[in-house]
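The primary structure of each chain is shown beneath.
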Amino acid sequence: MYKSMETIIKKAEILIEALPYIQKLTGKTVVIKYGGNAMINDELKNSVMEDITLLKYIGVNPVVVHGGGPDINKALSNFNIKSEFINGLRVTDSATMEVAQMVLVGKTNKEIVSLLNQKGGKAIGLCGIDGNLIECEQYTTLVDGKETDLGYVGKITNINSKVLDIIAKDEYIPVVAPIGVGKDGRSYNINADTVAGEIAAYLKAEKLMLLTDVEGVKTSKDSKEILSALTIDEVHNLIEDKIIQGGMIPKVLGCIDALEKGVGRTHIIDGRIPHCILLEIFTYKGIGTMIMKDKVLYHNNEKL
Ligand SMILES: Nc1ncnc2c1ncn2[C@@H]1O[C@H](COP(=O)(O)OP(=O)(O)O)[C@@H](O)[C@H]1O
Ligand SMILES: CC(=O)N[C@@H](CCC(=O)OP(=O)(O)O)C(=O)O
């Protein structure tokens, strides 16, 4: 009897702590990027899908953007195609593009849609070609001081977000694969963090959450110390000092892009923690790294 009272009180405490956050997010859009490295096993995948479905039930509008890098690597190796990355972005020739689209749109997207539907959600899978959702041109970057393209890697020029907005505000959960479409109708491969940041910006989302396979941004790639709050300037310094590297670069840049275009809060969280989405949103301290425009609110313990 005493034990069950204790459990009830604990649950009530959790609910009371969560209430202001539930109120703040009702009717608002939250963009959740589910990274390939966080899709570790069925149990964790199920817990992510449960969190997303629960958000929908309580009146939040989740929009899911997924990755699938490890699945693409596996498929490429089956075709004897080597994977090569520059600054966290996959060098994408036409054969690689074909495999990436096949995996992201045909496999990963449909798996997530089906899992959400099993949890009671009504998910709709899309990629950037559908309704010209993600328009792009060829991406170029400086390599050894020379402007270089990475093949069919796209730079987003526009998001036709109307379709997402309509779906997300209705009873459905949009699930987006990170493939863009060029003016010539060709497909382009785009990093999923970048897509999530831009979609959050175009939808004027309240929150952007990037789920990955580390606890957050750390003081070095191999350290255990997480930086729980970072400003835009601090992130730029960490990139310059090579503390933020590889796959973490498009994540933090996606967050900065979203913040600069009006998204309220951005978070990089550990997708290996069961119910990481609910833990971040509905607890006072949250988890992972929050990137924000300035630190004032955080120091006032004002997570909202
Ligand atoms: N400062 C840093 N803090 C944490 N992780 C970092 C840092 N710098 C680089 N990384 C790397 O970034 C990786 C996350 O990016 P990535 O592998 O592309 O994940 P995802 O598949 O979830 O998009 C981490 O596993 C880690 O190896
Ligand atoms: C250009 C580029 O790098 N595209 C990524 C798209 C998938 C992705 O971003 O997946 P994760 O989030 O799991 O890393 C790729 O080909 O791997």
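What counts, and where the lines are drawn
- Residues numbered from 1 in each chain as written.
- Chains lettered and ligands numbered in written order.
- Predicted model: local features only at pLDDT ≥ 70, side-chain atom pairs only at ≥ 80, totals over all residues.
- Heavy atoms only, no water.
- Helix = DSSP H or I, 4+ residues; strand = E, 2+ residues; numbered from the N terminus.
- Rg over C-alpha atoms; globule rule 2.2 N^0.38 Å.
- Buried < 20%, exposed > 50% of the residue type's maximum accessible area, 1.4 Å probe, protein only.
- Contact = heavy atoms within 4.5 Å.
- Lys, Arg positive; Asp, Glu negative; His and termini not counted.
- Charge placed at Lys NZ, Arg CZ, Asp CG, Glu CD.
- Core = buried A, V, L, I, M, F, W, Y, C linked by side-chain atoms within 4.5 Å.
- Axes fitted to C-alpha atoms, helices over the stretch in contact; angles between N-to-C directions.
- Left-handed = near helix turned anticlockwise from the far one by under 90°.
- Nonpolar A, V, L, I, M, F, W, Y, C, P; charged D, E, K, R; others polar.
- UniProt positions renumbered as here; feature names shortened; annotations may be inferred.

A.B. asks: Whenever I open this one, the overall build of the protein confuses me. Can you help?
C.D. replies: When helices and strands are tallied, the protein shows 10 helices and 14 strands. Computed over the C-alpha atoms, the radius of gyration of the protein is 19 Å, within 12% of the 19 Å expected from 2.2 N^0.38 for a compact globule of 304 residues. Projected onto its principal axes, the C-alpha coordinates of the protein cover approximately 65 × 40 × 35 Å. Counting the 304 residues in the protein, one finds 49% classified as buried. Pairs at least 24 residues apart make up 73% of the contacts formed inside the protein by residues separated by at least 6 positions. Treating the 35 positive side-chain charges of the protein as one cloud and the 39 negative ones as another, the clouds have centres 3 Å apart.

A.B. asks: Any chance you could explain the nonpolar core here in plain terms?
C.D. replies: Nonpolar side chains in soluble globular proteins tend to end up buried together. Counting residues in each nonpolar core, the largest one holds 42 residues, and the members touching the most others are Val31, Ile199 and Leu208. Elements with a contribution of two residues or more to this core: β2 (61–66), β6 (134–143), β7 (146–159), α5 (162–169), α6 (192–202), β11 (207–212), α7 (232–240) and α8 (248–260). Per-element tally for this core: the top contributor is α8, with 7 residues. Beyond its immediate stretch of four places on either side in the chain, Leu208 contacts Val31, Ala196, Gly197, Ala200, Gly254, Cys255, Ala258, Val263, Arg265, Thr266 and His267. Counting residues in each nonpolar core, the second largest holds 30 residues, with Tyr21, Val48, Met209 and Ile281 among its members.

A.B. asks: It is not clear to me how the packing of helix α2 (residues 42–57) against helix α4 (residues 94–118) should be interpreted in this structure. Could you clarify?
C.D. replies: At their nearest, the axes of α2 and α4 sit 9 Å apart, and the two run at 60° to each other. In terms of crossing hand, the pair formed by α2 and α4 is right-handed. Counting all contacts with α2, which are made through Lys45, Asn46, Met49, Ile52 and Thr53, the residues of α4 involved are Glu111, Ile112, Leu115 and Leu116. A class-by-class count of the residues in the contact of α2 with α4 yields 5 nonpolar, 2 polar and 2 charged.

A.B. asks: What is the right way to look at the UniProt feature "domain: Aspartate/glutamate/uridylate kinase" (unreviewed entry) in the protein in this model?
C.D. replies: According to UniProt, the "domain: Aspartate/glutamate/uridylate kinase" (unreviewed entry) feature falls on residues 28–270. Between the C-alpha atoms that bound residues 28–270 the distance is 23 Å, and the span itself is 38% helix and 29% strand.

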